[in-house]
Amino acid sequence: MLHCRESARFLPEVTLGIQAKEFNLGFIRPESVSHADIISTVEFNHSGELLATGDKGGRVVIFQQELESKNQPLCRGEYNVYSTFQSHEPEFDYLKSLEIEEKINKIRWLPQKNAAQFLLSTNDKTIKLWKISERDKRPEGYNLKEEDGRYRDPTTVTTLRVPVFHPMDLMVEASPRRVFANAHTYHINSISVNSDCETYLSADDLRINLWNLEITDRSFNIVDIKPANMEELTEVITAAEFHPNQCNTFVYSSSKGTIRLCDMRASALCDQHSKLFEEPEDPSNRSFFSEIISSISDVKFSHSGRYMMTRDYLTVKIWDLNMESRPVETYQVHEYLRSKLCSLYENDCIFDKFECCWNGNDSVVMTGSYNNFFRMFDRGYRQDVTLEASRESSKPRSVLKPRKVCTGGKRKKDEISVDSLDFNKKILHTAWHPQDNIIAVATTNNLYIFQDRL
Amino acid sequence: MRKRGSRPIYMPVRRRREKANMYSKGTKRKFSDGVDNKAVAASYSLQRQSLLDMSLLKLQLCHMLAEPNLCRSVLIANTVRQIQEEMAHDGSWQVVTEALGGSGHGPSDRLVDTEVLCQSSEQQDGGPRLYSVMGYDGCREEEVVTDKALCSVVVGDRAPALLLGTIGHCWDRGELRVEDGVSKDSGTGEEEGTKSGEGAKMATGQVFGTFEIKNGAPGSDPALEELFSDVDASYYDLDTMLTGMQSAPKMGPYDFLDSLASSHGSVSNSSCRADLNELDHIMEIIVGS
């Protein structure tokens, strides 16, 4: 992949947390659009210095933020490629005669404890713990080895010296430290590291397992919704996450639009939920597609741990963990699609799984849409904006212009009508820097990084 | 049964055209009090039928994929159940059964006997007859297999059962295209297709592929027995269907339909059988009996 960096200024008309500031746009241009380059997950680490992306070819690419340069004191550092490695390879399940895709479904960073960085990456069946470490020194002056590694004849050694470290070009190494395999019959859709930094959970369509990061040959099943008779299966698990502060609490969402909060202290098998979050259905909107569009594609706790956000096909909902009956806030992402549900069902777009994310102080939430649009909702000011991630609309050092979809009637200039939307250009994966106003937005093959100017 | 050559109940080509017009406006329509109440109702049920067909087709297609997405399959199947429930409640089922029951059936008809449709086993009169669940598994053990039917009749209290048999007969059997090599296997009245119905063929396969044949069902039709004498009665597991497991021993009873799928010929079933025989032979040698 070639790496280019251009700048764009974002000047929204609405007052958001990212208000009226200049954004530096960085985006990575692939040399050719290939299937394997489709980005399948995006995740900042806990400091925000590193940004990891996974793609359909099983590769992980990590970007690192440059230190703030003296030339541009008002700009934060930009992101460069830091490390690239092949995390997963395609496998063949001989028992079922099926290929296991190498596509990276999720990446989650571990909190940093020493100089090295650790992340978990998973495909459909196997989770791997990767250690990413830097090497910028090389030992030289061994007594028994030549510089090229060949062993010297001990009889030729006449004097002894102490090897010393000499600086070398920075080398970033990624090595797999653990492989957590053979615990999932169905496809893994989520992984989540516990706040205790010792355990993590992995969730597939019907089960959730609890792992210890040190132990790879054993995992504990904590949720199992597989019915005895598979004929009766009507609901699957779609996402799961640990609470950011309480190490005993996790939530999982389902294809029926419910979220269950479980407490691991209550019992070993958390089939009985502690709380069930479900919004009663609106009878006026009832259709054959009601269940499909209520299926939750992503669930994320707020950084504070007080709220959680869920994404279903048309909306983003914010829930207060203390209230199970209904969400406290609901934001319409693309309500204009409600009348198109049958077409979207026909072309399978209705099954697209959009993700969502919080900003650092939980005041703004973001999610993707079609036509390379993504949406931000400011919870405090009750305002929202639609932006587009595309090369054409983002010239260097230009303003990111808010977009608008025309839902009916006369189309104004610069508006896009619903029928002109490109449903092949979807933004499923977005990420927000944990502290600053830097966002990463993945279109099918490109990664866009937007920043605001300090 | 429907007469051969009579007008099919389902016409996929026309429906697609109608679909494009209807769906841009909305999804489910409410019955209005207007003058053209009947027209609205008719178009709504056409729309609903079309949605049902589309869903079945999707399920069939994803059944053929290497590893279908379980979430998607579950959601589509739930949609099918929903449609079927509604059809059962507002009497569309009655219309369909009448249409089916009205036409005669030839001796080669093996799929569903009209007797089944008229039978009332444990169900109360007036209740809609529901066939076994399509879904993820074969028929459940507690379901009753009637004499002449291939499908099971569900006991009345099991609500979300699907119109499997009905769905099967909505398809014009003339739309079934069976390859020469296997047509001898199935006296089930497949005709050389008058219609393309590629989708029809596959959906039918999907529908029928989940039937289960129970060996030793009381009073089984001898012709049936002969037809399925070489078929393995192992049921079609959910995991098999939804996770795309295609290993030979798990093949459904309608192996001729399996052969419609390009990637799996009837060869795999017979080769598996040959392997098993060989295995037995080898075991005998080893054991020394």
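Residues numbered from 1 in each chain as written. Chains lettered and ligands numbered in written order. Predicted model: local features only at pLDDT ≥ 70, side-chain atom pairs only at ≥ 80, totals over all residues. Heavy atoms only, no water.

So, the overall build of chain A
Then step 1. Looking only at helices and strands, chain A has 2 helices and 35 strands in total.
Then step 2. The 454 residues of chain A split such that 54% are buried.
Then step 3. Long-range pairs, those at least 24 residues apart, make up 53% of the contacts in chain A with a sequence separation of at least 6.
Then step 4. Of the roughly 20600 Å² that chain A leaves accessible, carbon and sulfur atoms contribute 48%. (Helix = DSSP H or I, 4+ residues; strand = E, 2+ residues; numbered from the N terminus. Buried < 20%, exposed > 50% of the residue type's maximum accessible area, 1.4 Å probe, protein only. Contact = heavy atoms within 4.5 Å. Areas by Shrake-Rupley, 256 points an atom, 1.4 Å probe, with all protein chains shown as cover.)

Some points on the overall build of chain B
Then step 1. Secondary structure summary: chain B contains 12 helices and 2 strands in total.
Then step 2. Scanning chain B from its N terminus toward the C terminus, one meets helices and strands in the order α-α-α-α-α-β-β-α-α-α-α-α-α-α.
Then step 3. The buried share of chain B, reckoned over its 289 residues, is 53%.
Then step 4. The long-range share in chain B, meaning contacts at least 24 apart out of those at least 6 apart in sequence, stands at 69%.
Then step 5. Put simply, chain B shows about 13300 Å² of open surface, and 55% of that area lies on carbon and sulfur atoms.

Some thoughts on the nonpolar core
Then step 1. Formed by 45 residues in total, the largest nonpolar core has its most connected members in A:Tyr313, A:Leu337, A:Tyr345 and A:Ile350.
Then step 2. Top element by residues in this core is helix H3 (residues 70-89) of chain B. It accounts for 9 residues.
Then step 3. In this structure, A:Tyr345 is in contact with A:Phe289, A:Ile292, A:Ile350, A:Phe351, B:Leu51, B:Met54, B:Ser55, B:Lys58, B:Ile76 and B:Thr79, ignoring residues within four places of it in sequence.
Then step 4. A:Cys357, A:Val364, A:Phe374 and A:Leu387 belong to the second-largest nonpolar core, a separate cluster that totals 15 residues. (Core = buried A, V, L, I, M, F, W, Y, C linked by side-chain atoms within 4.5 Å.)

Examining the sheet that holds strand E16 (residues 207-212) of chain A
Residue and element names in this part refer to chain A.
Then step 1. Here we have 4 strands laid out as an open sheet, ordered E14-E15-E16-E17, and antiparallel in their pairing. For this open sheet the edge positions go to strand E14 (190-193) and strand E17 (220-224), each flanked by a neighbour on one side alone. Shown here is a sheet whose adjacent strand axes are inclined to one another by a mean of 20°, direction ignored.
Then step 2. In this structure, E16 lies alongside E17, joined through 4 bridges in antiparallel fashion. Looking across to E17, one finds that Asn-209 is bridged to Asn-221. (Pairing = 2+ DSSP bridges. Axes fitted to C-alpha atoms, helices over the stretch in contact; angles between N-to-C directions.)

Concerning the sheet that holds strand E22 (residues 298-301) of chain A
Residues and elements named next belong to chain A.
Then step 1. Read from one edge to the other, the open sheet built from 4 strands follows the order E22-E23-E24-E25, with strand pairing classed as antiparallel. Both edges of this open sheet fall to E22 and strand E25 (329-332), since each of them pairs with a single strand only. Direction aside, the axes of adjacent strands within the sheet are offset by 15° on average.
Then step 2. Alignment of E22 against strand E23 (residues 307-311), held across 4 bridges, turns out to be antiparallel. In the sheet register, Val-299 faces E23, and the bridge partner there is Thr-310.

Focus: the environment of A:Arg379
All names here are of chain A.
Then step 1. Mapped onto the fold, Arg-379 is located in the loop between strand E28 (373-378) and strand E29 (383-388).
Then step 2. With residues near it in sequence (within four places) discarded, Arg-379 still touches Tyr-307, Ile-318, Glu-329, Tyr-331, Trp-358, Asp-362, Ser-363 and Val-365.
Then step 3. Among the polar contacts made by the side chain of Arg-379, one reaches the main-chain carbonyl oxygen of Asp-362 at a distance of 2.9 Å. (Polar contact = N/O pair within 3.5 Å; in protein donor to acceptor, adjacent residues only side chain to side chain.)

Here's the deal with the packing of aromatic side chains
Residues and elements named next belong to chain A.
Then step 1. Per the stated rule, a full pass over the model turns up 17 aromatic pairs over all chains.
Then step 2. With a centroid separation of 6.0 Å and an interplanar angle of 75°, the aromatic rings of Phe-242 and Phe-250 are classed as edge-to-face.
Then step 3. Look at Phe-242 and you get buried, because its relative accessible area is 3%.
Then step 4. In textbook terms, an aromatic cluster arises when at least three aromatic residues are bridged by ring pairs, as seen for Tyr-313, Phe-354, Tyr-370 and Phe-423.
Then step 5. Here Lys-145 stacks its cationic end above the ring of Tyr-142, 4.8 Å away from the centre of that ring.
Then step 6. Positioned over the ring face of Tyr-307 is Arg-379, at 4.7 Å from the centre of the ring. (Phe/Tyr/Trp six-rings, centres within 6.5 Å; stacked < 30°, edge-to-face > 60°. Lys NZ or Arg CZ within 6 Å of the ring centre and 35° of its normal.)

Notes on the pattern of salt bridges
Residue and element names in this part refer to chain A.
Then step 1. On inspection of all chains with the given rule, the structure shows 29 salt bridges over all chains.
Then step 2. With a closest N to O distance of 2.9 Å, Glu-329 and Arg-379 form a salt bridge. Residue Glu-329 is located in strand E25, and its partner Arg-379 is located in the loop between E28 and E29; the two are separated by 50 residues in the primary sequence. Take Glu-329 and Arg-379: they sit in the same class, and that class is buried. (Salt bridge = Lys/Arg side-chain N within 4 Å of Asp/Glu carboxyl O.)

Some details on the pairing of strand E15 (residues 199-203) of chain A
On a regular strand, one side chain projects to one face of the sheet and the next to the other, so that they alternate.
Residue and element names in this part refer to chain A.
Then step 1. Counting buried positions along E15 gives 5 out of 5 residues, so the element sits mostly inside the fold.
Then step 2. Of the two faces of E15, the one holding Thr-199, Leu-201 and Ala-203 and the one holding Tyr-200 and Ser-202 are both buried throughout.
Then step 3. Two elements, E14 and E15, share 4 bridges in a ladder whose sense is antiparallel. Each bridged residue has a counterpart across the sheet, and for Ser-192 the counterpart in E15 is Leu-201.
Then step 4. Linking E14 back to E15 in an antiparallel pair, the connection comprises 5 residues, with Cys-197 at a positive phi of about 60°.
Then step 5. With antiparallel pairing between neighbouring strands as the criterion, E15 and E16 make up a hairpin whose turn holds 3 residues.

Some details on the pairing of E29(A)
Residue and element names in this part refer to chain A.
Then step 1. Bridge count between E28 and E29: 6 bridges; the pairing is antiparallel. Pairing of Asp-378 across the sheet is with Gln-383, part of E29.
Then step 2. In textbook terms, the turn of a hairpin is the stretch between consecutive antiparallel strands, and for E28 and E29 this stretch comprises 4 residues, one of which, Arg-382, has a positive phi near 55°.

Things to note about H3(B)
Residue and element names in this part refer to chain B.
Then step 1. For H3, spanning 20 residues, the distance from its first C-alpha to its last is 28 Å, which sits close to the expected 28 Å at 1.5 Å a residue.
Then step 2. When you tally the buried positions in H3, you get 18 out of 20 residues, the bulk of the element.
Then step 3. Its side-chain oxygen placed 3.0 Å from the backbone nitrogen of Cys-71, Asn-69 serves as the N-cap of H3.
Then step 4. Backbone geometry just after H3 places Gly-91 at a positive phi near 85°. (Expected span 1.5 Å × (residues − 1).)

Re unusual backbone geometry
Residue and element names in this part refer to chain A.
Then step 1. Phi is positive for Asp-362, which is not a glycine, with a value near 65°.
Then step 2. Mapped onto the fold, Asp-362 is located in the loop between strand E26 (356-358) and strand E27 (364-368).
Then step 3. Residues other than glycine seldom take positive phi values, yet Asn-371 does so here, at roughly 60°.
Then step 4. Within the secondary structure layout, Asn-371 lies in the loop between E27 and E28.

A closer look at the environment of A:Ser253
Residues and elements named next belong to chain A.
Then step 1. Looking at where Ser-253 falls in the secondary structure, it is placed in strand E19 (residues 249-254).
Then step 2. Residues Ser-253 and Ala-239, 14 residues apart in the sequence, show an inter-C-alpha distance of 5.3 Å.
Then step 3. If we ignore the near neighbours within four places in the chain, the residues touching Ser-253 are Val-236, Ile-237, Thr-238, Ala-239, Thr-258, Ile-259, Ile-296 and Val-299.
Then step 4. One polar contact links Ser-253 to Thr-238, side chain to side chain, over a distance of 2.7 Å.

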